[in-house]
Amino acid sequence: MTSVLYDAQGPRAKRRNILYTVLFVLAAAAVLWWVYDGLAEKNQLDWVKWKPFFTDTQAWETYIWPGFQNTIKAAFFALLIALPLGALFGIGRLSDHRWVRVPSGVVVEFFRAIPVLLLMIIANAVYSEYTTLEPDTRLLYAVVTGLVLYNASVLAEIVRAGILTLPRGQSDAAKAIGMRKGQTMVFVLLPQAVTAMLPAIVSQLVVIVKDTALGGAVLSFPELLASVRPMAANYGSNTIACFTIIAVIYLALNFALTSLASWLERRLRRGKKSTGAVVGAAPGGGLEMIEAPATKTGGSDQV
C-alpha cells in the first residue's frame, strides 16, 4: 500500500526498523547506565547532597529564589522594551520612505550580527565609565541593554516576516476603502500578523530567559544559574545536584511560557473565526472599526 508521501514498508523494511529501534533503545540504556554509574561512583547521588532542596528552605530562600527573581526581572524588562522597539524597526523596514527604511535596516542588521554577550560587556563598560550606578543596578542595566539590542533586532525581522506573509489583497482592500497606510498597518495587518508571529515571539522570549545566564557567567550578575556556585560551596560540593535543580526550574519556566503561548494562540484563532470587523464611517467623518457578527461561511476573513 502506498500514499502520496511515502511507500508502505515491506516485511524486510519492517524487520530492519524493529532491529534499529531495539539497538537504539539498548544504546540509550547503556549511556544512561554509564552516567548513573559514574555519578554513583563519585557519590553524587547520595541523599546528603540532595537533601537541602527537599527538607530545608534555606537553599531556596537564600540562593534560588533571589536568583530566580533577578532572572525574571531581567527577562521581563528586556521583553518589555525589545518587543515595541522590534515592532517599530520591523515596520520601519517596510516603509516606503528610504530615509526610514535604510536606517532601520542598518540598525537591525548591525545588532543582529553582534553576539549578545559582547553587547552586555560593552554596555557594562559604558555604564561603569559614564554613570554612577550601584554595582547591582549597573549589572542589571547591562544585561537588559544587551538583551534589548540583540532581541529587538531579531523581533524586528519576526514582525517584518509576519506582515509580509499576509495576502496582498488585505492591503489593497484597505486602500480601496480609503484607509491610510498607518491605519492599514494598525487596524488590518498587525492584528492578523500577531497570530502568525506569536510562536516565534514566544520562542524568542525563551531565548531571552536563557540568555540572562550569560550575564551571570561573565558579568557576575546574580541570576538563577549564577546561584549554583555559592550554593554548591555552601552545601559540600553538590554541584551536580545544584545544576539539576536549576535545570528543572528552567524547564518548568520555559514550559509554562510555551503552554501560555499555545493557549493564547488558540484563543486568538477562535476569536478570528467567531468574530469579524468591518470598517464604517465615524461620526466625525473618519474611519472606525465596527465588530460584526460571525458568519457561517467557510471562506477566509476579508477586510
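Please refer to the structure placed before this passage.
Small disclaimer: the values here were computed from a predicted structure and weren't measured.

Draft legend 1. View of helix α8 (residues 181-218). Between its first and last C-alpha atoms α8 spans 45 Å; for 38 residues at 1.5 Å apiece the expected length is 56 Å, and the helix comes up short by more than 12%. The largest bend along α8 measures about 50° and falls at Met-197, with the proline Pro-199 one to four residues further on. At the exit of α8 stands Ser-220, carrying a positive phi of roughly 65°.

Draft legend 2. Structural detail: the side chain of Gln-204. Here Gln-204 lies in helix α8. Not counting residues up to four positions away in its chain, the partners in contact with Gln-204 are Tyr-150, Asn-151, Val-154 and Leu-155.

Draft legend 3. Broad picture of helix α4 (residues 98-113). An ideal rise of 1.5 Å per residue puts 22 Å on 16 residues; α4 measures up with 22 Å between its terminal C-alpha atoms. Of the positions making up α4, those classed as buried are Ser-104, Gly-105 and Val-108. Across the axial projection of α4, the buried residues extend over an arc of 100°, all falling on one side. Along α4, exposed side chains directed more than 90 degrees from the buried face belong to Arg-98, Trp-99, Val-106 and Ala-113. Of the surrounding secondary structure, the elements contacted by the buried residues of α4 are α3 (58-92) and α6 (135-164).

Draft legend 4. Layout of the nonpolar core. Within the largest apolar cluster, 37 residues are counted, with the highest numbers of intra-cluster contacts made by Phe-53, Ile-64, Val-143, Leu-147, Met-231 and Ile-246. The dominant element in this core, judged by the number of residues it contributes, is helix α10 (residues 239-274), at eight residues. Residues in contact with Met-231, not counting those within four places in the same chain, are Phe-53, Ala-59, Tyr-63, Ile-64, Asn-238, Cys-242 and Ile-246. One finds Ile-158, Ala-174, Ala-193 and Met-197 within the second-largest nonpolar core, a separate group that totals 17 residues.

Draft legend 5. Summary view of the packing of aromatic side chains. Summed over the entire model, instances satisfying the criterion amount to seven aromatic pairs. When the ring of Tyr-63 is compared with that of Tyr-235, the centres are 6.3 Å apart and the planes differ by 75°; the resulting orientation is edge-to-face. A residue pair is termed long-range when its members are at least 10 positions apart, and Tyr-63 in helix α3 and Tyr-235 in the loop between α9 (228-234) and α10 qualify at 172 residues. Judged by relative accessible area, Tyr-63 falls into the buried class, the value being 16%. With a centroid separation of 6.0 Å and an interplanar angle of 75°, the aromatic rings of Tyr-127 and Tyr-141 are classed as edge-to-face. With Tyr-127 in helix α5 (residues 116-130) and Tyr-141 in helix α6, this pair connects stretches of sequence that are 14 residues apart. Judged by relative accessible area, Tyr-141 falls into the partly exposed class, the value being 40%.

The rules behind each value
Residues numbered from 1 in each chain as written. Predicted model: local features only at pLDDT ≥ 70, side-chain atom pairs only at ≥ 80, totals over all residues. Heavy atoms only, no water. Helix = DSSP H or I, 4+ residues; strand = E, 2+ residues; numbered from the N terminus. Expected span 1.5 Å × (residues − 1). Bend = angle between axes of the 7 residues up to and from the residue. Contact = heavy atoms within 4.5 Å. Buried < 20%, exposed > 50% of the residue type's maximum accessible area, 1.4 Å probe, protein only. Arc of directions from axis to C-beta. Core = buried A, V, L, I, M, F, W, Y, C linked by side-chain atoms within 4.5 Å. Phe/Tyr/Trp six-rings, centres within 6.5 Å; stacked < 30°, edge-to-face > 60°.

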